[in-house]
Amino acid sequence: VTTLTLANPQATHTSGVALAELLEPNDVVLLTGDLGAGKTTFAKGIAEGLEVAGTVTSPTFNILLAYPGRLTLNHFDLYRLERPADLDDIDYWGVLGSGGVSVVEWGDKFTEALPDDYLLLSFELDDGIQRRVRVDWAGIRGESLAARWVEAIARRSDVRIEEGS
Ligand SMILES: Nc1ncnc2c1ncn2[C@@H]1O[C@H](COP(=O)(O)OP(=O)(O)O)[C@@H](O)[C@H]1O
Ligand SMILES: [Mg+2]
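This structure is a prediction, so every number in the text was calculated from the model and none was measured. (Residues numbered from 1 in each chain as written. Chains lettered and ligands numbered in written order. Predicted model: local features only at pLDDT ≥ 70, side-chain atom pairs only at ≥ 80, totals over all residues. Heavy atoms only, no water.)

**Q** What exactly am I supposed to notice about unusual backbone geometry here?
**A** It is generally the case that most residues other than glycine have a negative phi and that most peptide bonds are trans. Of note in this structure, asparagine 26 is not a glycine but carries a positive phi near 75°. Relative to the elements of secondary structure, asparagine 26 occurs in the loop between helix H1 (9-20) and strand S2 (28-32). Owing to a relative accessible area of 37%, asparagine 26 belongs among the partly exposed residues under this scheme. The phi angle at aspartate 91 is positive, at roughly 55°, despite the residue not being glycine. Assignment of secondary structure puts aspartate 91 in the loop between helix H3 (85-89) and helix H4 (92-96). (Helix = DSSP H or I, 4+ residues; strand = E, 2+ residues; numbered from the N terminus. Buried < 20%, exposed > 50% of the residue type's maximum accessible area, 1.4 Å probe, protein only.)

**Q** How should the nonpolar core be read in this particular structure?
**A** Side chains that are nonpolar tend, in soluble globular proteins, to be buried together. Leu19, Ile46, Leu121 and Trp149 are the most contacted members of the largest nonpolar core, which totals 35 residues. By residue number, the principal contributor to this core is helix H5 (residues 139-153), which donates five residues. Among all residues touching tryptophan 149, those that are not within four sequence positions of it are Leu4, Ser15, Ala18, Leu19, Leu22, Phe42, Leu121 and Val135. (Core = buried A, V, L, I, M, F, W, Y, C linked by side-chain atoms within 4.5 Å. Contact = heavy atoms within 4.5 Å.)

**Q** Sorry, what's going on with the site of ligand 1 here?
**A** Ligand 1 sits among 17 residues. The nearest are Thr12, Gly36, Lys39, Thr41 and Ile129. Residue threonine 12 places a side-chain N or O atom 2.7 Å away from a nitrogen atom belonging to ligand 1. Considered on its own, ligand 1 offers 580 Å² of accessible surface; in the complex 74% of this is hidden by protein. Looking at the shell around ligand 1, the elements with two or more residues in it are H1 and helix H2 (39-49). Tallying contributions element by element places H2 first for the shell around ligand 1, with three residues. (Near = heavy atom within 4 Å. Polar contact = N/O pair within 3.5 Å; in protein donor to acceptor, adjacent residues only side chain to side chain. Areas by Shrake-Rupley, 256 points an atom, 1.4 Å probe, with all protein chains shown as cover.)

Rendered as structure tokens:
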């Protein structure tokens, strides 16, 4: 397991930009963590890296907001959904496979309804003001994205990396 420490909001944002540069059609990035942990900050960095024009806002009340960019950004927030079946109502699986990139806040909410390949970033409020991010994945694509993303941000002075067991 890899855990990152992000020193400030800019580190969170820039790490999102760096991830976006690696993203390809149908990639899925699940974000989890308490309110205020940094999920939307990170998603905004991804949007910038995908060359999305305009402002990306939190999709909490809309569940899904989609933006054109180098690849279409599908920005989900599953916070308000109650059951896995709700995913079918919003055509979750259809959107995930529609050729864009999907970033899903509270994306591990339904453990019985995870995609085959994903990168899962769990944001935690640290003791101090910084944030910690645990890096998990599933599938070959998820593993490759995780490795390449960590490598891409490893040398930044505002990112610290711990490799655990
Ligand atoms: N690495 C960080 N260190 C300190 N503060 C951060 C960090 N990343 C984000 N923040 C700040 O945390 C606050 C909440 O972030 P936000 O992205 O809205 O969280 P979430 O979407 O998880 O609720 C914002 O003020 C943001 O600037
Ligand atoms: Mg948010």
